[in-house]
2 protein chains.
Amino acid sequence: MQLHPDCVVCMFQQALRIAKATTDDQQKQWEILNRLAKEMADLPVTTISVEIAGRIRQIVAETTGETNPYHQQKQHYNDIALKLYPHLRELVKNSQDPLLTAIRIAIAGNIVDFGIGDTFDLEKTVDDSLNQEFAIFDYQEFRQQLTGVQKILYLADNTGEIVFDRLLVEILQKQGKQVTVAVRGGSVLNDATLEDARYVGLDEVCEVIGNGAALPGTVFSETSSQFQQHFHQADLIVSKGQGNFEGLSDMDAPLVFLLKAKCSPIAQELGVEPGSMVFLAASKTRQLA
Amino acid sequence: MQLHPDCVVCMFQQALRIAKATTDDQQKQWEILNRLAKEMADLPVTTISVEIAGRIRQIVAETTGETNPYHQQKQHYNDIALKLYPHLRELVKNSQDPLLTAIRIAIAGNIVDFGIGDTFDLEKTVDDSLNQEFAIFDYQEFRQQLTGVQKILYLADNTGEIVFDRLLVEILQKQGKQVTVAVRGGSVLNDATLEDARYVGLDEVCEVIGNGAALPGTVFSETSSQFQQHFHQADLIVSKGQGNFEGLSDMDAPLVFLLKAKCSPIAQELGVEPGSMVFLAASKTRQLA
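Within each chain, residues carry numbers counting from 1 in the order of the written sequence. Here every chain gets a letter starting at A, and every ligand a number starting at 1, in the order they are written. Per-residue local features of the predicted model are confined to residues with pLDDT of at least 70, and side-chain atom pairs are confined, for both listing and counting, to 80 or more; whole-chain, interface and lining totals are unaffected and use all residues. Calculated side-chain values reflect all of the structure's heavy atoms, with hydrogen atoms and water omitted.

J.: Hey, could you go over the environment of A197 of chain B for me, with residue numbers and the actual values?
T.: Residues and elements named next belong to chain B. Among the secondary structure elements, A197 is positioned in helix α9 (residues 194-199). The buried category is assigned to A197, whose relative accessible area is 1%. Separated by 35 residues in sequence, A197 and I162 place their C-alpha atoms 7.2 Å apart. Helix numbering and strand numbering both begin at the N terminus, where a helix is a DSSP run of H or I of at least 4 residues and a strand a DSSP run of E of at least 2. In this scheme, a residue with accessible area under 20% of its type's maximum is buried, one over 50% is exposed, and one in between is partly exposed, where area comes from a 1.4 Å probe on protein chains only.

Below is the structure:
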């Protein structure tokens, strides 16, 4: 997905939030924004916003020495989600359609995104997501597709959220699927890494791999060969969140995208209202493009 | 007043809002942001944000040919304010302290600012401003100062707002003061120009001059010699709004600043909460610095 003009402003907002979370030194905050402006001045419109977020991560690291500014917040949202987990597991188990309920909860987790803001009410979002209508809902298509599927690659997004992803992974496993979860290759924003996957015990239920890139989304060319192998061998790829969608929306692969359209460029790209819940099969993505 | 890191983000937000108000062509919107990024990359921290806003104006004009993108909105807020004017005039006339009531209303008008947002409830802000406590209130000092004053230069800020300024100008004239109002030298954002002053009939009650610069604030070095002459000859200078404060806060002159602290850098600079009403005598400004 190409950059929208709004993305430029959003990237500066993100850089300012991270700068402030990382250092009180206004001179350094200034330097971070200055350096980002230099990058933005020569930016081709074909850049994926996720790549800029990766550059912000590097600039912040070079300016302040901090490579994981949201460390505490990541822990915090993992802990909140872990507390909710037993209750949500019961909810999935007792629901009429456990697969759909797990999908709804997995999308709810997608609200915690430090690329967008810095406070989130996870519990309220879960409640909302259980009742909210989907703006795009390729669920029947997905169910049909699922019958012939053996290997699933599940592209995780953020911390906290990965606890909810576990519910969906477990449901898929119950249906006899072999699920591998891919997380980020390095810490960036509040995105889930191998460390987080281990912290929430995701590695105890399925194989978890890093994707080789410290970007808050999947830019295929930046990922490791291990990841690319998994990607090509998967019968189905479940892609969570905006960052993965931005990087993969133009790819020809058996993808389904589960996300909350949190910003207007993404909503516009998908033809939905901001705030919408989206369950999009890849075949439809190619129709959008 | 020096730039804060927040100002960088704010300037990109402003540029995006203006770009969208001016053209639907995303390529041009993109170009405007790209060119702004180029400017920002080499920006000295001593720049006044008002100067960047002036550069945005130029970039938009060069990219789209539009030099007055908020023409209609300016008219709209002038009209709203003109409708409110008779009622507010009665309110001032019948109040226990007409001078203070006129000051409160003049500050209320300061809320309409397309540098900050694009929708404003002028009527509600007037009601609020009549009751809100001032965070800085050098009113008694101002009254004393006023007794020895003959020539007043009144630095106007925005359209709509200038209708309310007229109430204060008329009260000052009733006290025998000779008031000259200075407006912007060219259209920028929703700032008041000579055209607006004429539209709302301000030129019928006092002398109105342009300040020679199409900037949304007063950067002294950019103003015309006519303006500078008025500035030096004035016994008192009433400065309305953030943009004038940003440009003049460090100047050694008999200034009083009337403004609503609409953004956090200004609020921080003044040591008040965002949203505060401020009536600041210049002697205090120098203590702040």
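Past the structure itself, the notes keep going.
J.: Please provide a residue-by-residue account of helix α3 (residues 49-64) of chain A, values included.
T.: All names here are of chain A. In a regular helix each residue adds 1.5 Å, so 16 residues correspond to 22 Å; α3 covers 22 Å between its end C-alpha atoms and thus fits that length. Every buried residue belonging to α3 is among S49, V50, I52, A53, G54, I56, I59, V60 and T63, and all of these are buried. Taken together, the buried residues of α3 touch α1 (5-22), α2 (26-41) and α11 (241-248). Two residues or fewer past α3, G65 is found with a positive phi of approximately 80°. Expected span, for any helix, means 1.5 Å times one less than how many residues it has. Residues count as neighbours in contact if any of their non-hydrogen atoms are within 4.5 Å of one another.

J.: So what about the interface of chain A and chain B? Which residues, and what values?
T.: Contact residues are listed per partner, giving 24 residues for chain A and 24 residues for chain B. When two parts are put together, the accessible area they lose, computed with a 1.4 Å probe and summed over both, is reported as buried area. A per-residue breakdown of the area chain A buries against chain B is headed by P5, V9 and W30 of chain A, which together make up 30% of the total. Just to be clear on terms, a salt bridge is a Lys or Arg side-chain nitrogen sitting within 4 Å of an Asp or Glu carboxyl oxygen. On the surface where chain A and chain B come into contact, there are 2 salt bridges. We note a salt bridge from K20 of chain B to D6 of chain A, for which the minimum N-O separation is 2.7 Å. N or O atoms within 3.5 Å of each other form a polar contact, as long as, within protein, one can give a hydrogen and the other can take it, and as long as residues adjacent in sequence are counted only when both atoms are side-chain atoms. At the surface where chain A touches chain B, the tally comes to 6 residue pairs in polar contact (both at pLDDT 80 or more). When residues in the side of chain A that touches chain B are grouped by element, the largest group, 9 residues, is from α2 of chain A. Here the side of chain A that touches chain B is built from residues that sort into 14 nonpolar, 6 polar and 4 charged. For this classification, Asp, Glu, Lys and Arg are treated as charged, while Ala, Val, Leu, Ile, Met, Phe, Trp, Tyr, Cys and Pro are nonpolar and the rest, including Gly, are polar.

J.: Residue-level account of the environment of G212 of chain B, with values.
T.: Residue and element names in this part refer to chain B. With respect to the secondary-structure elements, G212 resides in the loop between β4 (207-210) and α10 (225-233). Through-space distance from the C-alpha of G212 to that of E222 is 7.4 Å; in sequence the pair is 10 residues apart. Apart from the residues within four sequence positions on either side, G212 is in contact with G185, E222 and S224.

J.: Requested: an account of the pairing of strand β5 (residues 236-240) of chain A, with residues and values cited.
T.: On a regular strand, each side chain points to the face opposite its neighbour's, so the side chains alternate between the two faces of the sheet. Residues and elements named next belong to chain A. Counting buried residues in β5 gives 5 out of 5 residues, a clear majority hidden from the surface. Burial of the side chains of β5 extends over both faces: L236, V238 and K240 are buried on one face and I237 and S239 on the other. Two strands make a pair as long as DSSP finds a minimum of two bridges between them. Pairing analysis gives 4 bridges linking strand β2 (residues 151-155) to β5, with the strands arranged parallel. Directly across from I152, in β5, lies its bridge partner L236. Summarising the sheet, β5 and strand β6 (residues 255-260) pair through 4 bridges and their orientation is parallel. Paired with V238 across the bridge in β6 is V256. By convention, orient the strands away from the viewer: a clockwise path from the first strand over the helix to the second makes the crossover right-handed. Taken together, β5, α11 and β6 constitute a β-α-β crossover, and its handedness is right-handed.

J.: I'd like a rundown of the confidence of the model for chain A, residues and numbers included.
T.: pLDDT measures the predictor's confidence residue by residue and takes values from 0 up to 100. Taken as a whole, chain A shows an average pLDDT of 93; of its residues, 96% reach a score of 70 or greater. Among the scores for the predicted complex, ipTM is 0.87 and pTM is 0.90.

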